[in-house]
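# Topology and contacts: notes
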Amino acid sequence: MSGPRCPQCARPCASPRLLPCLHSLCEPCLRRLGPPDAAPGAARPVLCPVCDAELSLPPGGLEQLPPDCLAGSRAGAAAGCDLCADGAAAGRCLTCGVRLCRFCCRAHRRQKKTASHAVTELENSKDCSQAGKPLLCPSHPTEELQLFCEQCDQPVCRDCALGRHRQHHCDFTGNVIHRHGDALRELLKGSQQHVDALEDVLSRVDAMGSAVRSRAEAVASEICLFARGYVKAIEEHRDRLLKQLEDLKVQKENLLHLQKAQLQQLLLDMRTGVEFTEHLLMSGSDVEILITKGLVSSRLTKLNSVAYSTQPSVDDRIQFSPHERAGQCCGYEVFGAILNKAVDPARCTLHGEDLQSARQSQLSGFTLLCKDTTGEPMGRGGDAVRVTITHKDKRDCAVKPTVCDNGDGTYCISYIPEEPGLYAVCVCVKGQHVQGSPFTVMVKHKFREHRGVFHCCTFCSSGGQKAARCACGGTMPGGYQGCGHGHKGHPGCHHWSCCGQVKESSECLCGPPSDTSQRSLLRTVAL
């Protein structure tokens, strides 16, 4: 069978190298990927010709990319005999390090020079991969990579271990492959779960696309049925609505198509990583796994960290409202509009002066303004609004509010609290709290009716004593206001009552300022 071919030039590649996206290219194609004027030692951003992923070649050049040791086995190329080049490899001479077909195996054992060599049979593809020529150290071409440096995270030969890796912990590849292979298997499990999730999301995206098309067709039928009652004006209005519906359908389908393309590309990348890792773990030798495990781990970690939505990016919320006013068409007022706006409780706002305080036994209220997901006013009513007002200290004391739908996206909420104290107010639209909900309202005591006569002269005649009593029998609270009789203040009397009410009069009850006898008389009456 023919060897592996480069996915870029489709030519057989003898020494393919792995990109960070786990696709392999031949060296001539790799050289053509990056900009020719790239500075030496600098990272070269390139695009993978297979998956269009943006990558960076290592600063050290193409030689820093790991070789794709399993390219031949992935392409289905069988290992051939190194002696006759005719038959498929069935064994390997451990002394010579060559692959042998069955005929050459028998001949190898019969020849006098090689009769003492140890020849092993190949049982599976992993053995076949291991039967290849040993991987040699790039720094010491005569030495085989048999050790693994834990600190540098790379296979090394014996000369490297005795040289620049002398102070590092090195062990044989056979002793460390289990630990590193298990780490790759754990990453592989996470990638496989993402593959299943992506396939499920793609199926739901396809189903949602069908639902959008079906719903659009149903709405189009409703629009056509509604338009038959009108002649020219309604027919033109119908065409306008259908065009709007088509644009909305195309918009939703485009968004779904974009999401589908992104998910398909992510799924393709996940499958590539999963298939490559599975093949590496099943067919790669210990050294081959250790050579590529850093790149594979980086790729799988990056793919596993990609965030994607598990729900379609749009919904099939397309409705036709035949009673919605649509303006004028050919001089006639027409009805019917396509509604695709949905109320967003988190964007709905509350307005009014009674949001923080209210008065006992008095009508209080505020306004709810409903908005859509873009923050624009809904402009229409009909949403499910629920309001609860409960006393925080008296759980059995609740106020029953009244919700009035104004039909323009605003709702008037009014209530009359019977008990003073702190109340908790919850405003929900479609079962969700609106912006600022829940909040508290302090209900103050109601005004008590003043049953006496308001005599500011009582206060004036006493010389400004705060202990002066009103005609009702109570003391006068508040600051010193005065009525213009020999003390500071404006000539208009502020009549302070014992219950906190204030009434103004342009005329003092005690008469002219010089009339002390009259003032004294009224003070006597008041007392």
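Nothing here was measured: the structure is a model prediction, and the numbers come from that model. Numbering of residues starts from 1 in each chain and follows the order in which that chain's sequence is written. Reporting of local features is limited, given that this is a predicted model, to residues whose pLDDT is at least 70; pairs of side-chain atoms are given and counted only at 80 or more, and all residues count toward the totals for whole chains, interfaces and linings. The side-chain numbers reported here are obtained from all heavy atoms of the structure, hydrogens and water having been left aside.

## Comments concerning the confidence of the model for the protein chain
- In the predicted model, the protein chain carries a mean pLDDT of 77, and 75% of its residues have values of at least 70.
- Per-residue pLDDT, averaged within each element of the protein chain, yields its smallest value for helix α10 (residues 516-526) (39) and its largest for strand β19 (residues 410-415) (93).
- Confidence of the predictor at the level of single residues is given by pLDDT, which spans 0 to 100. Residue contacts are counted whenever heavy atoms from the two residues lie within 4.5 Å of one another. Contacts from residues 127-132, a stretch scored under 50 in pLDDT, to residues over four places away or in other chains number 16 contacts.
- With pLDDT under 50 throughout, residues 477-527 is counted as low confidence; its partners more than four residues away or in other chains account for 93 contacts. Strands here mean DSSP runs of E at least two residues long; helices mean DSSP runs of H or I at least four residues long; both are numbered from the N terminus.

## Considering the sheet that holds strand β13 (residues 349-351)
- Strand order in the open sheet made by the 4 strands is β13-β15-β19-β18, with antiparallel pairing throughout. Where the open sheet ends on each side, the last strands, each with one partner, are β13 and β18 (402-405). Averaged over neighbouring strand pairs, the angle between their axes works out to 25 degrees when direction is ignored.
- A pair of strands is treated as paired once DSSP finds two or more bridges between them. Of the pairings in the sheet, the one linking β18 to β19 comprises 4 bridges and is antiparallel in character. Looking at β19, one finds that cysteine 404 is bridged to cysteine 412. Lines fitted to C-alpha atoms define the axes, with helix axes restricted to the stretch in contact, and inter-axis angles between N-to-C directions lie between 0 and 180 degrees.

## Points about the sheet that holds strand β7 (residues 119-121)
- What the 3 strands build is an open sheet, ordered β6-β5-β7; its pairing is antiparallel. Each edge of the open sheet is held by one strand with a lone partner, namely β6 (99-100) and β7.
- The pairing of strand β5 (residues 91-93) with β7 spans 3 bridges and is antiparallel. Across the sheet, the residue bridging to arginine 92 is threonine 120, located in β7.

## Things to note about the state of the cysteines
- The disulfide definition used here is simple: a pair of cysteine sulfur atoms within 2.5 Å. With the rule as written, the count across this model stands at 0 disulfides.
- With no disulfide of its own, cysteine 101 has cysteine 104 as its nearest cysteine by sulfur position, at a separation of 3.5 Å.
- Sulfur of cysteine 426: no disulfide; nearest cysteine sulfur belongs to cysteine 428 and is 6.1 Å away.
- A relative accessible area of 21% places cysteine 426 in the partly exposed class. Accessible area is worked out with a 1.4 Å probe on protein chains only. A residue is then buried under 20% of its type maximum, exposed over 50%, and partly exposed in between.

## Section: the environment of threonine 173
- Turning to its location among the elements, threonine 173 is positioned in helix α6 (residues 173-227).
- The exposure class of threonine 173 is buried, given its relative accessible area of 9%.
- The spacing of threonine 173 and valine 156 is 17 residues in sequence and 9.4 Å in space, taken between C-alpha atoms.

## So, the packing of α6 against helix α8 (residues 286-304)
- At their nearest, the axes of α6 and α8 sit 10 Å apart, and the two run at 30 degrees to each other. On the basis of their axis angle, the class for α6 and α8 is roughly parallel. Crossing handedness for the pair α6 and α8: left-handed. On α8, the residues touching Thr173, Gly174, Val176, Ile177, His180, Leu184, Leu187, Leu188, Gly190, Ser191 and His194 of α6 are Asp286, Val287, Ile289, Leu290, Lys293, Val296, Ser297, Leu300, Thr301 and Asn304.
- Asp, Glu, Lys and Arg are counted as charged, while Ala, Val, Leu, Ile, Met, Phe, Trp, Tyr, Cys and Pro are counted as nonpolar; the rest, among them Gly, fall into the polar class. Classifying every residue of the contact of α6 with α8 by side-chain character gives 10 nonpolar, 9 polar and 2 charged. Any angle between 65 and 115 degrees counts as roughly perpendicular, while under 35 counts as roughly parallel, over 145 as roughly antiparallel, and the rest as oblique. Helix crossings get a hand from a simple test, with the near helix turned counterclockwise from the far one by less than a right angle marking a left-handed crossing and a clockwise turn marking a right-handed one.

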